[in-house]
Amino acid sequence: MKLYLINKNPIISKLVALSVSKLGVEMEESPEIDLTLGAEIVLIDDECFEQELFNSYKSANPEAKFGLFYAKSTERLEGFNEYIQKPFLPTDLVKTLSKISGITPMDNQQAHQKGESNGLEIDDVESLGNLDDELDLSGFDDLQLDDEESVGFRCR
């Protein structure tokens, strides 16, 4: 199965890449809709949404399932199968993608079965660790939020 991400935000890229790796889904990414790329699941960041291109893509790929990443402060656009409010956690995205695709996250047993077919031992797969721990957002410490409430955070 293939996922196509239309996005310009590096944080969303990392979170989606982490989530799709849990499902064993192939991912392609571009900053705007590319009508030549096809996929079963298409995720679009609302900052990259263009109605005309979306309609053309949707017509050319009628079987695809579409998801929209949207900010709380913006309206949810019509025409999508799923909506993911920003900010989101990788685990929430995995659940949403599982619902759309019918694929469940890879557990140790599936990883072991997959590992056997590739000549890997279960110890090799387990040594990979938890993918959630691999998410390094330290490079994004310098990003400033103009309005903390617009992204759903409140200090109390």
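Here, the structure is the one placed above.
Residues numbered from 1 in each chain as written. Predicted model: local features only at pLDDT ≥ 70, side-chain atom pairs only at ≥ 80, totals over all residues. Heavy atoms only, no water.

A. Structural detail: the overall build of the chain. Assigned secondary structure in the chain consists of 5 helices and 5 strands. The N-to-C order of helical and strand elements in the chain reads β-α-β-β-α-β-β-α-α-α. Residue burial in the chain is summarised as follows: out of 156 residues, 35% are buried. Restricting the contact set of the chain to residue pairs at least 6 apart, pairs at least 24 apart contribute 60%. When the accessible surface of the chain is split by element, carbon and sulfur atoms take 47% of a total near 9700 Å². (Helix = DSSP H or I, 4+ residues; strand = E, 2+ residues; numbered from the N terminus. Buried < 20%, exposed > 50% of the residue type's maximum accessible area, 1.4 Å probe, protein only. Contact = heavy atoms within 4.5 Å. Areas by Shrake-Rupley, 256 points an atom, 1.4 Å probe, with all protein chains shown as cover.)

B. Structural context of the sheet that holds strand E3 (residues 41-45). Taken in spatial order, the 5 strands make up an open sheet running E2-E1-E3-E4-E5, and their pairing is parallel. The sheet is open, and its two borders are formed by strand E2 (26-30) and strand E5 (82-86), each paired with just one other strand. Going from strand to strand, the sheet's axes swing by 20 degrees on average, the running direction of each strand aside. (Pairing = 2+ DSSP bridges. Axes fitted to C-alpha atoms, helices over the stretch in contact; angles between N-to-C directions.)

C. Representation of helix H3 (residues 90-101) within the structure. Look at H3: 16 Å from first C-alpha to last across 12 residues, which is about the 16 Å you get at 1.5 Å a residue. When we look at burial in H3, the residues that qualify are Pro90, Leu93, Val94, Thr96, Leu97, Ser98, Ile100 and Ser101. Next to the buried residues of H3 lie strand E1 (2-6), helix H1 (10-23), E3, strand E4 (65-71) and E5. Two residues or fewer past H3, Gly102 is found with a positive phi of approximately 80 degrees. (Expected span 1.5 Å × (residues − 1).)

D. Inspection of the packing of H1 against H3 at higher detail. Put simply, H1 and H3 touch, their axes get as near as 9 Å, and they point 50 degrees apart. In terms of orientation, H1 and H3 fall into the oblique class. As H1 runs across H3, the sense of the crossing is right-handed. Contact residues: H1 offers Leu15, Val16, Leu18, Ser19, Val20, Lys22 and Leu23, while H3 offers Pro90, Leu93, Val94, Leu97 and Ser98. Its residues placed into classes, the contact of H1 with H3 shows 9 nonpolar, 2 polar and 1 charged. (Parallel < 35°, antiparallel > 145°, perpendicular 65-115°, else oblique. Left-handed = near helix turned anticlockwise from the far one by under 90°. Nonpolar A, V, L, I, M, F, W, Y, C, P; charged D, E, K, R; others polar.)

E. Up close: the pattern of salt bridges. In this structure the tally under the stated criterion is 5 salt bridges. The salt bridge involving Asp46 is made with Lys86; its shortest N-O contact spans 2.9 Å. With Asp46 in the loop between E3 and helix H2 (51-60) and Lys86 in strand E5, this residue pair connects regions lying 40 residues apart in the sequence. A network of salt bridges, in which partner residues are shared, links Asp45, Asp46, Glu47 and Lys86. (Salt bridge = Lys/Arg side-chain N within 4 Å of Asp/Glu carboxyl O.)

F. Here's a closer look at the side chain of Ser30. Its place among the elements puts Ser30 in strand E2. Using a relative accessible area of 11% as the deciding quantity, one classes Ser30 as buried. Within polar-contact distance, the side chain of Ser30 engages the side chain of Tyr4 at 2.5 Å. (Polar contact = N/O pair within 3.5 Å; in protein donor to acceptor, adjacent residues only side chain to side chain.)

G. Fine view of the pairing of E4. Most of E4 sits out of view: 6 of its 7 residues are buried. Pairing analysis gives 5 bridges linking E3 to E4, with the strands arranged parallel. Considered in E4, the bridge of Asp45 is made with Phe69.

H. Main features of the packing of aromatic side chains. In this structure the tally under the stated criterion is 9 aromatic pairs. Each ring, one from Phe54 and one from Phe66, has its centre 5.3 Å from the other, and the planes form 80 degrees; the classification is edge-to-face. Note that Phe54 is positioned in helix H2 and Phe66 in strand E4, a separation of 12 residues in sequence. Among the residues examined, Phe66 registers a relative accessible area of 1% and is labelled buried. Pairing Tyr57 with Phe66 gives two aromatic rings, centres 6.1 Å apart and planes at 90 degrees, and the pair type is edge-to-face. (Phe/Tyr/Trp six-rings, centres within 6.5 Å; stacked < 30°, edge-to-face > 60°.)

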